[in-house]
Amino acid sequence: MVKVEALIRPQKLDDVKTALSEIGVRGMTVSEVRGAGRQRGYTQHYRGAEYTVNLIQKIKIEIVVNAAEAERVAGVIVEAARTGEVGDGKIFLIPVAEAIRIRTGEEGDTVL
Ligand SMILES: Nc1ncnc2c1ncn2[C@@H]1O[C@H](COP(=O)(O)OP(=O)(O)OP(=O)(O)O)[C@@H](O)[C@H]1O
Ligand SMILES: [Mg+2]
């Protein structure tokens, strides 16, 4: 199992959700987060030096899927979330050791 963790622009959430549902993704966790990337949260370049890191509102989407599906899920998010401008976001693929459905106690990828 792999967790696909995507940091995206808030205004792209609806497009990403629609694209994910079209490929059958159901379970997901969505959080409002703040973050910075290479530009350290600058929305534009200012004259002179500025050392503060600004944290910009992003949406974090976490989806745990079978390892074989992770690349496709990530690809769909890339397509749906891209504007081509800096700050489009990032996706991390993270190995997941185990999953447990609390109600039944089942374990493994049948839980997904
Ligand atoms: N190395 C990182 N570790 C954890 N989170 C990150 C990292 N890089 C980016 N993020 C998260 O992703 C969000 C979007 O990052 P962003 O798209 O600006 O990345 P970037 O590397 O600067 O790419 P770009 O040049 O396209 O802006 C950040 O606000 C932050 O939440
Ligand atoms: Mg950036």
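Residues numbered from 1 in each chain as written. Chains lettered and ligands numbered in written order. Predicted model: local features only at pLDDT ≥ 70, side-chain atom pairs only at ≥ 80, totals over all residues. Heavy atoms only, no water.

**Q** Outline the pattern of salt bridges, listing residues and values.
**A** Counted under the stated rule, the structure contains 6 salt bridges. With its nearest N and O atoms 2.8 Å apart, the salt bridge here joins Glu 62 to Lys 3. Pair noted here: Glu 62 is in strand β3 (residues 56–65) and Lys 3 is in strand β1 (residues 2–8), with a separation of 59 residues, a long-range link. Overall, Glu 62 belongs to the buried group, its relative accessible area being 17%. Among the ionic contacts, a cluster of salt bridges with common partners joins Lys 3, Glu 5 and Glu 62. (Salt bridge = Lys/Arg side-chain N within 4 Å of Asp/Glu carboxyl O. Helix = DSSP H or I, 4+ residues; strand = E, 2+ residues; numbered from the N terminus. Buried < 20%, exposed > 50% of the residue type's maximum accessible area, 1.4 Å probe, protein only.)

**Q** Give me the lowdown on helix α2 (residues 67–81), citing residues and values where you can.
**A** With 15 residues, α2 should reach 21 Å at 1.5 Å per residue; the first-to-last C-alpha distance of 22 Å fits that figure. Three or more residues of α2 are buried, namely Ala 70, Val 73, Ala 74, Val 76, Ile 77, Ala 80 and Ala 81. Buried residues of α2, viewed axially, fall in a sector of 165 degrees; they line one side. For α2, exposure combined with an orientation more than 90 degrees from the buried face picks out Ala 68, Glu 71 and Glu 79. Buried residues in α2 make contact with β1, α1 (13–22), β3 and β4 (89–95). (Expected span 1.5 Å × (residues − 1). Arc of directions from axis to C-beta. Contact = heavy atoms within 4.5 Å.)

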